[in-house]
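# Coordinate inspection notes
Residue-level listing of the chains:
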Amino acid sequence: MAETSPDVRRAILQEPPGPKREVPAPVLDVAARERRELARPKVALRGVSMVFNPHGKAVRVLDDIDLDVDEGEFLCLLGPSGCGKSTLLNIVGGFLRPTSGDVRIDGEVVRGPDPRRIYVFQERGVFPWLTVTDNIGFGLGHLDRAERQRRIKHYIDLVGLQGFDTSYPHELSGGMKQRVEVARALAVNPDVLYLDEPFGALDSITRLTMRAELLRIWAAERKTIIFVTHDIEESIQLADRVVIMTARPAKMRRIVAIDVPRPRDLSSPRYIALRELVFDELGLAHRI
Amino acid sequence: MRYLPRFVLKISGVVTVIAIWGLVVQVTDSPIIPGPWAVARAIHELAVKGLLFKYAVASLFRVTWGYLLAVTIGVPLGLMLGWYKRIGRAFNPTVQVLRPISPLAWIPLAILWLGVGDGSAVLIIFLGSFFPMVMTGMNAVRNVTPTHINAGRNFGLSAWRFMWSVLFPAVTPQIIAGMRLTFGIAWLVVVAAEMIAVNSGLGFLIVDARNAGNRYDLIVAGMVLIGTIGLLLDVAMRRLERLESIRWGYSTSAIDGER
């Protein structure tokens with residue numbers, strides 16, 4: 001793919017002409033500011049910091065994170081491995097308490113994991129002692145039998161696992177196990193979904209398929225999704241906005257709005273320009 | 001030799017060992033160590049007298065009682081100590097101190113409390129099985145994949161429902177593996193306990209055979225019986241273990257050593 005010339009890039013991004021800025025850009029998110037004026041955000045992080053103390057030495061993992069996520073938005077947290085994005089997602093999900101700051105969902109402070117917000121893990125999230133049906137139905141104990149079966153069937157169809165209802169996870173491939181986990185998460189009809197590098201343990205071909213599936217499901221169900229990844233392409237392919245995080249101690253470096261219309265053309269100039277923007281932001285080379 | 005059914009291999013192995021045994025006895029012409037034929041005759045003698053059945057049942061009875069008591073008390077206790085970390089930390093030193101004490105060291109106390117008989121034998125077996133089961137419980141909880149725990153917590157289950165639908169299934173394979181190993185220990189202990197504390201059973205047979213006229217053929221017969229019954233019980237437990245593991249896809253080959 002040919003590299004877009006700096007002039008074209010600037011024109012597309014409407015960057016002011018002139019020498020490239022050396023100072024790190026402030027968090028720039030005009031679109032979100034506008035949205036905020038219209039409605040309260042679904043998920044609001046204020047001053048979230050996390051300090052771990054392994055062996056007595058203080059390690060600052062997250063540094064003063066402020067973030068708003070709107071309802072129905074697909075947000076990606078992008079950063080290098082070990083930068084703390086999974087820690088941040090764990091805090092939002094209620095599995096960890098932040099050292100300072102808080103997370104509010106619909107205005108109420110998050111105090112622990114909640115069935116209204118389901119977390120999809122990278123691997124081993126599915127219970128190996130239950131069949132696909134029982135896994136998906138795990139959070140549906142409060143429903144009557146007929147309704148439960150109906151819902152399970154709906155989600156098995158939605159994630160494309162027809163015919164595997166009585167299979168056990170060890171009989172399934174990695175991609176299929178992740179589908180089970182997504183189905184299980186969706187079956188309880190949560191407000192928010194947290195996905196922590198859910199495709200990280202899969203091969204890259206399966207990953208592409210799973211991304212398309214996830215977008216299809218998201219379009220159908222319109223949940224708020226917060227998705228953690230270290231894969232630049234993945235973030236630009238999936239998200240409405242990408243939050244680029246620095247290495248540890250993680251701060252938000254920049255928020256990039258991905259305004260490529262869906263279904264996203266991965267060869268469109270806009271997509272390529274945005275990818276280059278992210279590359280530049282992360283200080284990565286354009287040639288290998 | 002490319003493909004031999006495993007069963008044939010095992011049988012031929014056993015036959016070879018017996019043959020070597022017979023040969024060694026023949027060659028050294030020892031008055032003490034009986035050959036395989038003498039032992040076979042002794043087993044037959046026991047069978048005819050009805051002692052074979054009676055003693056085997058007595059040993060099995062004691063081991064079952066002591067073992068099951070240890071499992072029903074030790075496993076929940078171990079799970080609790082593993083789950084509630086503070087309580088676990090508080091009681092762990094006590095467990096670690098009591099654990100290495102051989103159950104046989106408890107024999108004088110057992111006889112003092114319960115007299116010679118089934119009671120003390122069952123107590124000894126209980127003590128020998130209890131600490132391994134507590135350890136099994138504690139380790140099983142510690143080794144549960146944290147992701148399973150977090151996924152379970154995510155669905156907002158009550159504490160009891162959480163234990164029932166997440167914790168217990170997650171620890172079961174390890175518990176079963178621990179139960180199989182502990183049963184082996186229990187079987188070892190019952191024989192030793194019977195040598196001192198009771199008047200029947202396979203352990204008693206060995207001691208009695210020596211006391212009542214140096215019947216070494218009976219002694220070795222007793223050993224063979226103990227070994228065979230122990231093997232059969234272990235195989236039965238492995239079958240049970242394999243049922244669960246196939247269903248859940250857990251690999252037990254590391255524990256088995258063979259597939």
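In this text the structure is predicted, and so the values were computed from the model without any measurement. (Residues numbered from 1 in each chain as written. Chains lettered and ligands numbered in written order. Predicted model: local features only at pLDDT ≥ 70, side-chain atom pairs only at ≥ 80, totals over all residues.)

For chain B, the count of helices and strands is 11 helices and zero strands. In sequence order, the secondary structure elements of chain B are arranged as α-α-α-α-α-α-α-α-α-α-α. If you line up chain B on its principal axes, its C-alpha atoms span 70 × 60 × 30 Å. In chain B, buried positions account for 34% of the 259 residues. Partitioning the intrachain contacts of chain B with sequence separation of at least 6 by distance along the chain shows that 73% fall at a separation of at least 24. (Helix = DSSP H or I, 4+ residues; strand = E, 2+ residues; numbered from the N terminus. Buried ≥ 20, exposed ≤ 12 C-beta atoms within 10 Å, placed from the backbone. Contact = placed C-beta atoms within 7 Å.)

The next thing to look at is the sheet that holds strand β2 (residues 59–69) of chain A. Residue and element names in this part refer to chain A. Strands sit in the order β2-β1-β4-β5 across an open sheet of four strands; the sheet is antiparallel. Because the sheet does not close on itself, it has two edges, and the strands there are β2 and β5 (108–109). Taken together, the two bridges between strand β4 (residues 100–105) and β5 define a ladder with antiparallel strand orientation. In the strand pairing of β5, R104 is matched with V109. The strands touched by helix α3 (residues 85–93) within the sheet are β1 (43–52), β2 and β4, with β1 carrying the most contacts at an inclination of about 120°. (Pairing = 2+ DSSP bridges. Axes fitted to C-alpha atoms, helices over the stretch in contact; angles between N-to-C directions.)

Residues and elements named next belong to chain A. If you check the domain split of chain A, you get domain 1 (25–116 + 190–288) and domain 2 (125–188). If you average the C-alpha positions of domain 1 and of domain 2, the two centres end up 26 Å apart. At the interface, 12 residues of domain 1 touch 10 residues of domain 2. Per element, the largest residue contribution to the side of domain 1 that touches domain 2 is five residues, and it comes from helix α7 (residues 204–221). (Domains from an automatic or database assignment.)

Residues and elements named next belong to chain B. Between the first and last C-alpha of helix α1 (residues 6–28) there are 33 Å, a value that for 23 residues agrees with the 33 Å anticipated at 1.5 Å per step. Little of α1 sits out of view: just zero of its 23 residues are buried. Backbone geometry just downstream of α1 places D29 in the positive-phi region, at approximately 50°. (Expected span 1.5 Å × (residues − 1).)

Inspection of the secondary structure puts R151(A) in helix α5 (residues 145–159). Spatially, the C-alpha atom of R151(A) lies 9.9 Å from that of L186(A), the residues being 35 residues apart in sequence.

Contacts between the two partners involve 18 residues from chain A and, on the opposite side, 12 residues from chain B. Residue composition of the side of chain A that touches chain B, grouped by class: 13 nonpolar, three polar and two charged. (Nonpolar A, V, L, I, M, F, W, Y, C, P; charged D, E, K, R; others polar.)

To continue, consider the packing of helix α5 (residues 107–114) of chain B against helix α8 (residues 159–197) of chain B. Residue and element names in this part refer to chain B. As a packed pair, α5 and α8 sit with axes 11 Å apart at the nearest point and diverge in direction by 60°. The orientation of α5 with respect to α8, classified from their angle, is oblique. Here the hand of the crossing between α5 and α8 comes out right-handed. Here I107, A110 and I111 of α5 lie close against α8, whose contacting residues are A193, I196 and A197. For the contact of α5 with α8, the class distribution of residues is six nonpolar, no polar and no charged. (Parallel < 35°, antiparallel > 145°, perpendicular 65-115°, else oblique. Left-handed = near helix turned anticlockwise from the far one by under 90°.)

Looking now at the nonpolar core. Counting residues in hydrophobic clusters, the biggest one holds 70 residues, and the most contacted among them are V92(A), I226(A), F227(A), V242(A) and V243(A). Counting contributing residues, this core receives three or more from each of domain 1 (25–116 + 190–288) and domain 2 (125–188) of chain A. Ignoring anything within four residues of it in the chain, the contact list for V92(A) reads V43(A), L45(A), V103(A), V110(A), Y194(A) and I226(A). In terms of nonpolar packing, the next biggest core, distinct from the first, is built from 57 residues, Y55(B), A58(B), L79(B) and I175(B) among them. (Core = buried A, V, L, I, M, F, W, Y, C linked by C-beta atoms within 7 Å.)

This part is about unusual backbone geometry. Trans is the prevailing form of peptide bonds, just as negative phi is the prevailing case for residues other than glycine. Residue and element names in this part refer to chain A. Each neighbour pair has its own omega, and for R248 with P249 the value is -5°, a cis peptide bond. By the element assignment, P249 lies in the loop between β9 (241–245) and β10 (252–257). The omega torsion of the bond from R262 to P263 falls at -5°, within 30 degrees of zero and hence cis. Mapped onto the elements, P263 comes out in the loop between β10 and α9 (269–281).

Residue and element names in this part refer to chain B. Inspection of the secondary structure assignment puts A192 in helix α8. A residue is classified by how many C-beta atoms lie within 10 Å of it, and A192, with 18 of them, is partly exposed. Considering only alpha carbons, one finds A192 and A121, 71 residues apart in sequence, at a separation of 9.2 Å. Setting aside residues no more than four positions away along its own chain, A192 makes contact with L104 and G203.

What follows is about the confidence of the model for chain B. All names here are of chain B. Of the residues in chain B, 93% reach a pLDDT of 70 or more, and the chain-wide mean stands at 86. Confidence over residues 251–259 falls short of pLDDT 50; this stretch has seven contacts with residues more than four positions distant or in other chains. Note on the complex model: pTM 0.77, ipTM 0.78. (pLDDT = per-residue confidence, 0-100.)

We now examine the packing of helix α6 (residues 118–142) of chain B against α8(B). Residues and elements named next belong to chain B. As a packed pair, α6 and α8 sit with axes 8 Å apart at the nearest point and diverge in direction by 160°. With respect to their mutual orientation, α6 and α8 come out roughly antiparallel. Along this stretch, α6 crosses α8, giving a crossing that reads as right-handed. Its residues assigned to classes, the contact of α6 with α8 shows 15 nonpolar, nine polar and one charged.

Residues and elements named next belong to chain A. Burial of strand β7 (residues 192–196) is extensive: five of the five residues sit out of reach of the surface. Direction of pairing for β7 relative to strand β8 (residues 224–229): parallel, over a ladder of five bridges. If you follow L193 over to β8, its bridge partner there is I225. Handedness of the crossover is the feature at issue here: the chain leaves β7, passes through α7, returns alongside β8, and the resulting connection is right-handed. (Right-handed = clockwise from strand over helix to strand, strands pointing away.)

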